[in-house]
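What follows is the residue order along each chain.
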Amino acid sequence: MDLLELTAVALGQKIQKKETSAVEATQAVLNQIDKVEGTVHSYVTVDQEGAIKKAKQVQEKIEAGQLTGPLAGVPVAIKDNMCTEGMRTTCSSKILENFVPTYTAEAVLNLEKAGAVIIGKTNMDEFAMGSTTETSAYGITTNPWNKEHVPGGSSGGSCAAVAANECFYALGSDTGGSIRQPSSFCGVTGIKPTYGTVSRYGLIAYGSSLDQIGPVAKDVTDCATILNTIASYDKKDSTSYQRESYDFTKALVDDVKGMKIGIPKGYFGEGLDSEVSNAVMAAAKELEKKGAILEEFDLGLVEYAIPAYYVIADAEASSNLSRFDGVKYGYRAEDYKGLHHMYKKTRSEGFGPEVKRRIMLGSFVLSSGYYDAYYLKALRTKALIKQEFDKAFAKYDMILGPAAPTTAPKVGASLADPIKMYLGDIYTISVNLAGLPGISVPCGMDSKGLPIGLQLIGDCFQENKILQAAYAFEQTRAYKSPFDK
Amino acid sequence: MSKQYETVIGLEVHVELATKTKIFCGCSTEFGGAPNTHTCPVCTGMPGSLPVLNKQVVEYAIAVGLATNCKITQNGKFDRKNYFYPDNPQNYQISQLYLPICRDGHVDIETEEGGKKAIGIHEIHMEEDAGKLVHDEWSGCSLVDFNRSGVPLIEIVSEPDMRSAEEVIAYLEKLRLLIQYLGASDCKLNEGSMRADVNLSVREVGAKKFGTRTEMKNLNSFKAIARAIESEKERQIDLLESGEEVIQETRRWDDVKEYSYAMRSKEDAQDYRYFPDPDLVPIIISDEMIAEIKAKQPEFRDEKMERYEKEYGIPAYDISVITSSKHMADLFEQTVAICNSPKKVSNWLMVETMRLLKEHDMEPEQINFSPENLAKLISLTEANTINSTVAKEVFEQVFAHDIDPEKYVEEHGLKTVNDEGALRSTIEAIVAANPKSVEDYKAGKKKAIGFLVGQTMKEMKGKADPAMVNKILIELLEA
C-alpha cells in the first residue's frame, strides 16, 4: 500500500514500529505536492526545508523513545489563519502578505509537542470569509475530485490537501461551516468542536464568538485522535473551557444501539439537491439498521440563522480586522498623504472585495442608531436558536442532516451572487451560533462523481456521541480517494 | 455684566491603577524602560492574540467604588470602543460602556463655607491605556512605544454637581486621598497617573436647564485646572453676553498661554461602534468577593482625623497635614506606638520633615525613614542625651539615609556634655579671653551673655547642655 494512502493514525503506528520514518513520510508528501500542487493549489506556503529538518529532529526523538504519541512524525498542514512562529501567516490576504508571526498558536503548539511535522500553510478564503476558497489573494484551490469545481471553504486548502494526499491531516477553522462544508465537498472528515474546546490563542479572528479550530482527516479515528491532541484548557484564551474529559478516542466504538437521532424536517425542504438528500437519508437508514432510533422533528428558527450569523460575524469581523492598518505589520500602501490617507489606501488595496463587503456590513450594524435594530436583535436571535437546540437535545442524542445543500459548485459560479452563496451555509451556521459540535463524514457521491457529506450535530460537550455515531456509520463504507479511479 | 451666572461642572477622572502587570496580559506596568520592552503579542495587537483580564484590576475598581459609595455591577462586561489611531494597536480600546463596574455613588466634600456637599458619581469603568506616539523631528517620522499600552485605568465620571473651581479641587483632593489610602494608585497629576477632563457649562442663576457644555483636556495640575475653569467660564459668559452661542466641543488647555483652543466639535464626533468584546467573558462578582474587599478597606482620612483628635489630642492643623498622606499617617502611628509621644512625633513630621521634603522637591509618599529611627531620636532628646541643635543634625541623616540615631550619636561623639567640671574650665577660658563682653555684661548689657554662650557652644562643637552653660556663665559673671 502506498504510504500516502494511510490515515494519520496508521502512519503514526508504522513510524512507531520503525516500518517507515517521519522523514520518509515527509518526503512522500513533498513529492506528492510537487506532483499535484500545480492543479490543486492547496497551499499558500510550503516549507520544504523546514519540514525535512523537523522530520529529522522528530525521528531522532522517536528513536530515543521520547515521542511515542500516535501523531509523532506525521506530516500536517495548517490553515493559514493560525500563527506559526517564523513561518509566514497570511490569512490568504494581501494585507498580511509578508507577515511572519513571533509566536505559535496554542493548537499548533499542542501538535508540535506531540511530534507533528508541519508541511506548510493551506489556502483559504481571505480571512475565512467565503465558502469556496475563491476569495484568496493567492489564487483559487481546486477540488481534487474535479478541478473544475471548488473545494468549498473557507478551509478549502486544508480539506483539498487531505483529499489530494498532500498531507496526512490538517487543521481547519470553522466560523459558520468552514470545516464541515469543504470536508463534505472534498470527501474527507472534519469536526468542529464545541466552542471553547480548542484554544483560539493564535487563531487570527474572523468572528471571535463563533470561531473554533478543528481537525480535517481521512477518517473519524484520525479526527478523534487529533482532537485529543489539540484540545486543551488554555488560560491565554478567556473563552477556553475546562472540560471534564479530553479523551475523544474512547468514542471510537461501532455501536449506535438505542441512540436517538432527530432529523429536522426543515433541512430536507426546498433548496436541497435531491442526490444529496437521498445519500444523507440512506446514511440515516444505515444507522437505523445498526440500532439507532430515527425521528423527524421540527427544528424552529432555521430561517433566522443566516441573517443572525451574518450580522454577528460581520460585526465582530469589522472590529477584529481593524488592526490591519499598515502601521505595525503586513502591507502598507506606497504613496499616501498623511495618516488617514495611509489607512484608507492600505486597507483599500490590502483587502479583497468579500472582506470589504463584510467589514462595511459589520460597521453598519454596529453604528449608532442601528445597533439595537441589527446587532442586539441578532444576539437575541442567537439565544433563541440555542433554546431551539436545547429543546431538541432534551429529546435526541444528536441531530442528523446534510452538511451542505449541494455538492461542490463549479469554479466561478458562486461569487457573482453572494446572497446565494450565504444561503449555502444553512445547515452549518446555526451550529456555530449555538456553540455546538458538528462533524461531516463522507456518505456518498453524486452523479457527477463529487462527494456528499453527512452532518451529525451534538449537544455542547457531546463530541463523543457524534464521533461514535460517525465511526459506526464509517464502518459501513470504505474511504474513497480521488486517486482510486 | 448684567446677568448673574452659575457655572456647572462635571469631571471625568482617569486613574492609572497600581497593578504590577497590565490589564489584559502579563507585561510589567513599570514606568519608563526602553521603548517597546514591556510588550507582548497581546498589548501590541498582534494577530491572533487574546486578552485575559487581570483580577487585581477588578478588585481595585471595586475598592474605589465601595470607597465612593457606588453600587457594584455584579454581572458586567467589557466593550470595544472602535477608532483608528496608531497608539491604539488593535484600533479598538477595550473599555466598558453598557455595564460599568460601579454606578451611582458619591463623595462628600467640604465647601468653602465649612459645610458638606455630596458630589455624585455617575459611574466608574475599567479600560486599557494606549501607547505613546513619539514624533521624530529629525527623520520626520512618527514612532509608537507600546510600553503604556494595556496599563489599567479606571475612569470616574462625576455628575455635573460642582459649581466652582474650589469645589472641583476639593473633589479631586478627596478622590486622590481615597485612592491613595486604598493603595490603588499614586494619583500623580504631573506624571499622568491621574488625569482630569473638565466638562463645563454656564447658565443664568435660577435657570433649570443646563447650558451647552465644553470638555477641557490636557490639565496637568490642580493649578492648571483652576485656571482653565476660570478661563472657560469667562469665555462662555462672554459668548452669551454678546449674543453668541456656546458650541459643544472638546478644547485643549495650554497652561503656559493660559488659553484653550477647540480640538473637535460635536459634529466631528466619531461613532465608536461600541459592542461587547467577544474575546472576554462576563465579569461575575459574587457577594463574597465584595464582602472580602470591603473587609480589607483601610481606615480613610475622615475616620482617621476623628480618631487622631480623640486618641492623640494633637491640634487639628497637625492632623490635617499628617493625614494628607497615607504614608505619613502610617509613619506617625507606627512611631507613636513605639515612643508614645504624639505631639513630638507630630512636630518632627510637621516641621523638619515637611521642610526637607520641600527642600528636596519630594512627595510625602517618598519619605524613606523608619518609625524605629524617628522614635529613637525622640528618646534621645527626651533623655537629654542630645540637645535640639544636634537632634536636627541627626534627623537630617535619618531623613536622608535612615541611620540609627543611637549609633550615629555614639560614633560621632554628639552626646551632650553635662559634666560640670569640664564645662566650667572651658567657660572660664572663654570668659578670660573675652574681657569686652564681660565688661559689657557687667555694665548692664545682659544680652552680651549670648555671645559668650555662642562661643562656648562653638568650642564644645554644639554638644554642651545649654541650660548648664547658662547657669555656669551667670555664676562666673556675677561672682
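Note that the structure is predicted; figures quoted are calculated from it, not measured.

## Focus: the overall build of chain B
Move 1: What chain B contains, in helices and strands, is 15 helices and 16 strands.
Move 2: Computed over C-alpha atoms, the radius of gyration of chain B comes to 30 Å, more than 25% over the 23 Å expected from 2.2 N^0.38 for 479 residues, which places it beyond the range of a compact globule.
Move 3: Dimensions of chain B along its principal axes, counting C-alpha atoms only, are 95 × 60 × 55 Å.
Move 4: Relative to its full complement of 479 residues, chain B shows a buried share of 38%.
Move 5: Contacts spanning at least 24 positions in sequence make up 69% of the contacts within chain B whose residues lie at least 6 apart.

## Comments concerning the overall build of chain A
Move 1: If you tally the helices and strands in chain A, you get 15 helices and 11 strands.
Move 2: The C-alpha atoms of chain A give 21 Å as radius of gyration, which agrees with the globular expectation for 485 residues (23 Å, within 12%).
Move 3: By principal-axis analysis of the C-alpha atoms, chain A measures approximately 65 × 55 × 45 Å.
Move 4: Counting the 485 residues in chain A, one finds 60% classified as buried.
Move 5: Taking all contacts inside chain A whose residues are at least 6 apart in sequence as the whole, residues at least 24 apart take part in 76%.

## Details of the packing of helix α9 (residues 305-320) of chain A against helix α12 (residues 372-395) of chain A
Residue and element names in this part refer to chain A.
Move 1: Remark: α9 packs on α12, axes separated minimally by 9 Å, with the N-to-C direction vectors making an angle of 125°. Comparing their axes, α12 and α9 come out oblique. α9 and α12 meet at a crossing whose hand is left-handed. Where α9 abuts α12, its residues A305, A308, V311, I312 and A315 lie against Y374, Y375, A378, L379, T381, K382 and I385.
Move 2: In terms of residue class, the contact of α9 with α12 is built from 10 nonpolar, one polar and one charged.

## Things to note about the interface of chain B and chain A
By a widespread convention, an interface's size corresponds to the accessible area lost as its parts come together.
Move 1: Of the residues lining the interface, 25 residues belong to chain B; the matching set on chain A comes to 30 residues.
Move 2: Per-class residue counts for the side of chain B that touches chain A are 15 nonpolar, six polar and four charged.

## Details of the domain arrangement of chain B
Residue and element names in this part refer to chain B.
Move 1: Here the domain parsing of chain B yields domain 1 (5-289), domain 2 (302-411) and domain 3 (420-477).
Move 2: One C-alpha centre belongs to domain 2, the other to domain 3, and the line joining them spans 33 Å.
Move 3: In this assembly, four residues from domain 2 lie in contact with four residues from domain 3.
Move 4: When grouped by side-chain class, the residues that make up the side of domain 2 that touches domain 3 number one nonpolar, three polar and no charged.

## Side note on helix α8 (residues 342-359) of chain B
Residues and elements named next belong to chain B.
Move 1: Helix length check: α8, at 18 residues, gives a terminal C-alpha distance of 25 Å against a target of 26 Å (1.5 Å per residue), a fit within 8%.
Move 2: The largest bend in α8 amounts to roughly 35° and is located at T353.
Move 3: Where α8 is concerned, the buried positions are V345, S346, W348, L349 and T353.
Move 4: Where α8 is buried, its residues meet α6 (316-322), α7 (326-339), α9 (371-382) and α10 (388-401).

## Notes on the pairing of strand β14 (residues 259-265) of chain B
Residue and element names in this part refer to chain B.
Move 1: In this sheet, β14 lies alongside strand β13 (residues 249-254) in antiparallel orientation, the contact comprising six bridges. The residue bridging R251 from the neighbouring strand is A262, located in β14.
Move 2: The loop that links β13 with its antiparallel partner β14 comprises four residues; one of these, E258, has a positive phi angle of about 50°.

## Notes on the sheet that holds strand β15 (residues 275-276) of chain B
Sheet strands associate in pairs through backbone hydrogen bonding, adopting either a parallel or an antiparallel arrangement.
Residues and elements named next belong to chain B.
Move 1: With respect to topology, three strands assemble into an open sheet ordered β5-β4-β15, the strand pairing being antiparallel. Looking at strand neighbours, the two that pair on one side only are β5 (92-95) and β15, the edges of this open sheet.
Move 2: In the sheet, strand β4 (residues 79-82) pairs with β15 via two bridges, with the strands oriented antiparallel. Looking at the pairing, D79 lines up with P276 of β15.

## Focus on the pairing of strand β4 (residues 169-174) of chain A
Residues and elements named next belong to chain A.
Move 1: Counting buried positions over the six residues of β4 gives six, a clear majority of the element.
Move 2: The side-chain alternation of β4 yields two buried faces, one formed by Y169, L171 and S173 and the other by A170, G172 and D174.
Move 3: Across three bridges, the pairing between strand β2 (residues 75-79) and β4 is parallel. Following the sheet pairing, I78 is matched in β4 by L171.
Move 4: Note: β4 against strand β6 (residues 212-217), five bridges, orientation antiparallel. Bridge assignment links S173 to a residue of β6, and that residue is I213.

Reading guide: rules and limits
In this numbering scheme, every chain counts its residues from 1 along its sequence in written order. Chain labels run from A onward and ligand labels from 1 onward, assigned in the order the entries are written. Where totals are concerned, whole chains, interfaces and linings use all residues; where local detail is concerned, this predicted model gives features only for residues with pLDDT of at least 70, and gives and counts side-chain atom pairs only at 80 or more. Secondary structure is summarised from DSSP: a helix means a run of H or I of at least four residues, a strand means a run of E of at least two, and numbering begins at the N terminus for each. The size measure is the radius of gyration over C-alpha atoms, and the globule rule it meets is 2.2 Å times the number of residues to the 0.38 power. For the exposure call, what matters is how many other C-beta atoms sit within 10 Å of a residue's own: 20 or more marks it buried, 12 or fewer exposed, and in between partly exposed, using C-beta atoms placed from the backbone. The contact criterion used here is simple: two residues whose C-beta atoms, placed from the backbone, lie within 7 Å are in contact. Each axis is a line fitted through C-alpha atoms, taken for helices only over the stretch in contact, and angles between the N-to-C directions span 0 to 180 degrees. Orientation categories follow fixed angle ranges, with anything under 35 degrees roughly parallel, anything over 145 roughly antiparallel, 65 to 115 roughly perpendicular, and all other angles oblique. Less than a right angle of anticlockwise turn of the near helix away from the far helix marks a crossing as left-handed, whereas a clockwise turn marks it as right-handed. Here the term charged refers only to Asp, Glu, Lys and Arg, the term nonpolar to Ala, Val, Leu, Ile, Met, Phe, Trp, Tyr, Cys and Pro, and the term polar to all other amino acids, Gly among them. Residue ranges labeled as domains rest on an automatic or database domain assignment. Under the convention used throughout, the expected extent of a helix is 1.5 Å for every residue step, that is, one less than its residue count. Working definition for bend: take the seven residues up to and ending at a residue and the seven starting at it, fit an axis to each, and measure the angle between the axes. The rule for pairing is simple: two strands pair if DSSP sees at least two bridges between them.

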